[in-house]
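Next come the chains, spelled out residue by residue.
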Amino acid sequence: MKLDFILLFAAGIIVNILILFILTFRYNMILKTLFNDSMKFINSFFMQNASFVLGYISPFKIGGILAKPLIIKKYTSIKPKDTLFSTFVEIVLDLLWQVALFPILFIFVGKKFFDSHEFLISFILVAISIIIFMILIINKDLSLRIVGLFFRLMPKKFNIVKKIYKGKNWVETSISKLRLLFSDKRFMFKFFILTVVLLFLNPLVLFFTFKMYSLSLGYFVALSLYWLTFIIGRLSGLPGGLGARDASLGFLLIALGVDASLSVKVTVVSRLILMLPHLGFGIPALVYYGTNGMIKKFRKDVS
């Protein structure tokens, strides 16, 4: 039993590192497509983890978002404001399908549903989210309207972003860049494939945690719970979704018949598996980059 726990824990760590590799490749792909420049994979990998660490201690992951321009400028010729734009591209593209998936998951997640139709309905949920994502890719005008709304509703705490994009037409400029990006079918196809892989790969961490404690909940339960709680955490605006995401996962596990103390263990261990690679790679990266110096330089660049 103890050996199985250790092996499953290690498997979860390995899967999470693989996810980080895919996220790194995907972000480099965005940089290359937008600006015809990108970082070496190893540098980009450590940057991703450093931004995750900063995201854990700042609301709406603003620390992680602002860290990327500082780091990328050390390795490329890309301007900080352009790097910041590429980060928002990644966030917006993910939000398009996550927000569409959220109400579907919210409606269908429930004990009776999982008892009798776990595989069928979970498959339908994933299929619907993929179809919605494809529609948003194909229908560029609809996607761009959503993006424009996202920029205009941006909270005041993101005023630094608006300061970087000086002038009245920064929203329109961003949308015009996105229009060119959405017209690149090769890029959108690759982004779509990588996103679908992440859609199925991420819940494995939660599924392995179920098995650590001999829970009978299957993979498609893990898939539904993972993404529902992930989106709740993201929409909460709390650093790293800490608190909101964990509380909602614990609540849903109890609703599925899992003992309260066991649901706490599953929540804590799954969170630990998710955070360890970020902390293990991200903290040394932050020490290496010397964040205080970069922050001062960044402020000078945008002032």
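Small disclaimer: the values here were computed from a predicted structure and weren't measured.

Asks: Give a description of the overall build of the protein that names residues and reports values.
Replies: The secondary structure content of the protein amounts to 14 helices and zero strands. From first element to last, N terminus to C terminus, the protein shows the α and β order α-α-α-α-α-α-α-α-α-α-α-α-α-α. Counting only carbon and sulfur atoms, one obtains 70% of the accessible surface of the protein, whose full area is about 14,500 Å².

Asks: Which residues make up the packing of helix H1 (residues 2-35) against helix H9 (residues 185-201), and what are the values?
Replies: Packing of H1 against H9 leaves a shortest axis separation of 11 Å and a crossing angle of 165°. Classed by the angle they form, the pair H1 and H9 counts as roughly antiparallel. For H1 against H9, the interelement crossing comes out left-handed. Of the residues in H9, those in contact with Val15, Leu18, Ile19, Ile22, Leu23, Phe25, Arg26, Met29, Ile30 and Thr33 of H1 are Phe187, Lys190, Phe191, Leu194, Thr195, Val197, Leu198 and Leu201. Here the residues of the contact of H1 with H9 sort into 14 nonpolar, two polar and two charged.

Asks: Account for the environment of Ile30, with residues named and values stated.
Replies: When you line up the elements, Ile30 lands in helix H1. When the C-alpha atoms of Ile30 and Ser86 are compared, they prove to be 6.6 Å apart, with 56 residues separating the residues in sequence. Setting aside residues no more than four positions away along its own chain, Ile30 makes contact with Ser86, Val89, Glu90, Phe187 and Phe191.

Asks: Please provide a residue-by-residue account of a nonpolar patch on the surface, values included.
Replies: Where nonpolar side chains cluster on the molecular surface, the patch consists of Leu18, Phe21, Phe25 and Phe41 and spans about 360 Å² of accessible area. Per-element tally for the nonpolar patch: the top contributor is H1, with three residues. With respect to the helices, strands and loops of the structure, Phe21 is situated in helix H1.

Asks: I'd like a rundown of the side chain of Ser263, residues and numbers included.
Replies: Its place among the elements puts Ser263 in helix H13 (residues 260-289). Only 2.6 Å separates the side chain of Ser263 from the backbone oxygen of Ala260, close enough to count as a polar contact. Setting aside its immediate chain neighbours within four residues, Ser263 contacts Gly250, Leu253, Ile254 and Val258.

Asks: So what's going on with the nonpolar core? Which residues, and what values?
Replies: Counting residues in each nonpolar core, the largest one holds 53 residues, and the members touching the most others are Leu93, Phe187, Leu206, Phe210, Leu225, Trp227 and Leu253. Among the secondary structure elements, those contributing two or more residues to this core are H1, helix H4 (80-108), helix H8 (170-182), H9, helix H10 (204-212), helix H11 (219-236), helix H12 (244-255) and H13. By residue number, the principal contributor to this core is H11, which donates eleven residues.

Asks: Pulling in residues and values, what's your account of the confidence of the model for the protein?
Replies: Mean pLDDT for the protein: 75, with 67% of residues reaching 70 or above. Ranking the elements of the protein by mean pLDDT puts helix H7 (residues 159-164) last, at 49, and H10 first, at 93. Counting contacts from residues 156-162, a segment whose pLDDT is below 50, to residues more than four positions away or on other chains yields eleven contacts.

Asks: Just give me the short version of unusual backbone geometry, but keep the residues and values in it.
Replies: Positive phi outside glycine occurs at Ser214, with the angle close to 55°. Structurally, the position occupied by Ser214 is in the loop between H10 and H11. In this structure Ser214 comes out as exposed when scored by relative accessible area, which is 54%.

Asks: Describe the pattern of salt bridges, with residues and values.
Replies: Overall, the coordinates contain four salt bridges when judged by the stated rule. For Arg26, the salt bridge goes to Glu90, with nearest N and O atoms at 3.5 Å. Pair noted here: Arg26 is in helix H1 and Glu90 is in helix H4, with a separation of 64 residues, a long-range link. In this structure, Arg26 engages Asp94 in a salt bridge whose closest nitrogen and oxygen atoms are separated by 2.6 Å. Placement of Arg26 in helix H1 and of Asp94 in helix H4 is noted, with a sequence separation of 68 residues between them. Under the relative-accessibility criterion, Arg26 is labelled buried at 1%. On the basis of relative accessible area, Asp94 is assigned to the buried category, the value being 9%. Via salt bridges that share partners, Arg26, Lys68, Glu90 and Asp94 belong to a single interconnected network.

Parameters at a glance
Residues numbered from 1 in each chain as written. Predicted model: local features only at pLDDT ≥ 70, side-chain atom pairs only at ≥ 80, totals over all residues. Heavy atoms only, no water. Helix = DSSP H or I, 4+ residues; strand = E, 2+ residues; numbered from the N terminus. Areas by Shrake-Rupley, 256 points an atom, 1.4 Å probe, with all protein chains shown as cover. Axes fitted to C-alpha atoms, helices over the stretch in contact; angles between N-to-C directions. Parallel < 35°, antiparallel > 145°, perpendicular 65-115°, else oblique. Left-handed = near helix turned anticlockwise from the far one by under 90°. Contact = heavy atoms within 4.5 Å. Nonpolar A, V, L, I, M, F, W, Y, C, P; charged D, E, K, R; others polar. Patch = residues over 30% accessible without salt bridge, like charges linked within 9 Å, V, L, I, M, F, W, Y side chains within 5 Å. Salt bridge = Lys/Arg side-chain N within 4 Å of Asp/Glu carboxyl O. Polar contact = N/O pair within 3.5 Å; in protein donor to acceptor, adjacent residues only side chain to side chain. Core = buried A, V, L, I, M, F, W, Y, C linked by side-chain atoms within 4.5 Å. Buried < 20%, exposed > 50% of the residue type's maximum accessible area, 1.4 Å probe, protein only. pLDDT = per-residue confidence, 0-100.

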